[in-house]
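What the coordinates show
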Amino acid sequence: MPAPASPASPAHIDPRLLRVFVTVAEELHFTRAAARLYVAQQALSRDVRRLERELGAELFLRTTRQVALTPDGVRLLPYARRVLAAQDALLAAFGQARPLLVDLNSPGLETGRRVLHRARELAPDCELMARYESGLTGAAADLLAGRLDVSFGRFAGLDPALRSGLEHLPVRFEPMAVILPSDHRLATLEAVPLAALAGETVYAGAGNERTLEWTDLAFHLFEGRRIAVAPPLPLAVGEEEFQRVMAKDRYPILAVVGFPAIPGSVSRPLIDPVPLSPVSLVWRKGLVHPGVDALRRAAAEIGHTEGWLQRPADGWIPASDQEVMDDHK
């Protein structure tokens, strides 16, 4: 489309239009951007055109196949993000914060759920919304794009390029477990020594691009112990499908203590040493929101009361994870 005629410098730009612009710039797809903002695509397109008229600049190149930022769009993006961050901070300061979206990874996992529930008690006027879409690697991309606000997981397992745009607060060293078919040779043990898994092939999410940090932790743990990581399996969405796939292949599953029960299976803590899954609260750098403050307070409060960050004498985590967790001491 031709560039709009250049008007006089605008005296005022509606922040709502900037939020529309930033969302389209992050998605580079008008349909997805409209769905993310819960508006009709026609209304979203109208808002983009209005902003272009007010700025006297074309912001997007649109074809039937793709959407791309123009040079003016690229130039506007960092300014628009700073304006919206300032608006969020202002609204938060006066108790008018928008809803906060928190990824708890998987239903039934204890750490994130307990922190979220306590945060809701600490900040009852904040709307803290939960979602369950497993994996910090996948969540990190959504955090950086503004589609998500907070998640939980192994921060050291993220690519450094992702970590550079995020902040984290260590929350817990979660003891790890193995889930075994109820007739497995180790199922009668109350706890499973790591050495007893020698020769076994254990499922740890290999092939799932959203949980790379978990599979990487398994490789660290199994290295030198003659334990193999199971090859990629069909990606199962939903608890019922996951249980079906696991029952079919009958691999032991690497998990954390307290992982939801799976019919026909037993969960046993791992020992000698006790492997730990380092869990952090993770959010986008620069995010100001009273809900984030409440989550941080809740994590610190529960962690202090229950010793979540106290490592047992025989606890194990990779050295790289210990360095990342120690950064906050």
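Here is what the cut-offs are and how they apply
- Residues numbered from 1 in each chain as written.
- Predicted model: local features only at pLDDT ≥ 70, side-chain atom pairs only at ≥ 80, totals over all residues.
- Heavy atoms only, no water.
- Helix = DSSP H or I, 4+ residues; strand = E, 2+ residues; numbered from the N terminus.
- Pairing = 2+ DSSP bridges.
- pLDDT = per-residue confidence, 0-100.
- Contact = heavy atoms within 4.5 Å.
- Right-handed = clockwise from strand over helix to strand, strands pointing away.
- Polar contact = N/O pair within 3.5 Å; in protein donor to acceptor, adjacent residues only side chain to side chain.

A few words now on the environment of Val48. You can see Val48 is positioned in helix H3 (residues 41–55). In this structure the C-alpha to C-alpha distance between Val48 and Leu18, which are 30 residues apart in sequence, comes to 8.7 Å.

Right, let's talk about the pairing of strand E11 (residues 265–271) for a bit. Successive side chains on a regular strand alternate, one facing one side of the sheet and the next facing the other. Pairing geometry for strand E6 (residues 166–181) and E11, over 5 bridges, is antiparallel. Bridge assignment links Pro181 to a residue of E11, and that residue is Ser265. As defined by bridge partners, strand E7 (residues 192–193) adjoins E11 across 2 bridges and the pair is classed as parallel. Along E11, the bridge assignment pairs Val192 with Leu270.

Overall, the prediction assigns the chain a mean pLDDT of 88, with 92% of residues at 70 or greater. Within the chain, E7 carries the highest mean pLDDT (98), whereas helix H9 (residues 239–249) carries the lowest (72). Note on residues 1–8: pLDDT under 50 across the span, and 16 contacts to partners over four residues away in sequence or across chains.

Moving on: the pairing of strand E4 (residues 128–131). Direction of pairing for strand E3 (residues 100–103) relative to E4: parallel, over a ladder of 4 bridges. Counterpart to Val102 in the pairing with E4 is Ala130. Each parallel crossover has a hand, and for E3 linked through helix H5 (residues 110–122) to E4 it is right-handed.

A separate point is the side chain of Asp142. Positionally, Asp142 belongs in helix H6 (residues 136–145). A distance of 3.0 Å separates a polar atom in the side chain of Asp142 from a polar atom in the side chain of Arg131. Once residues lying within four places of it in the same chain are set aside, the contact partners of Asp142 are Arg131, Arg147, Leu148 and Arg210.

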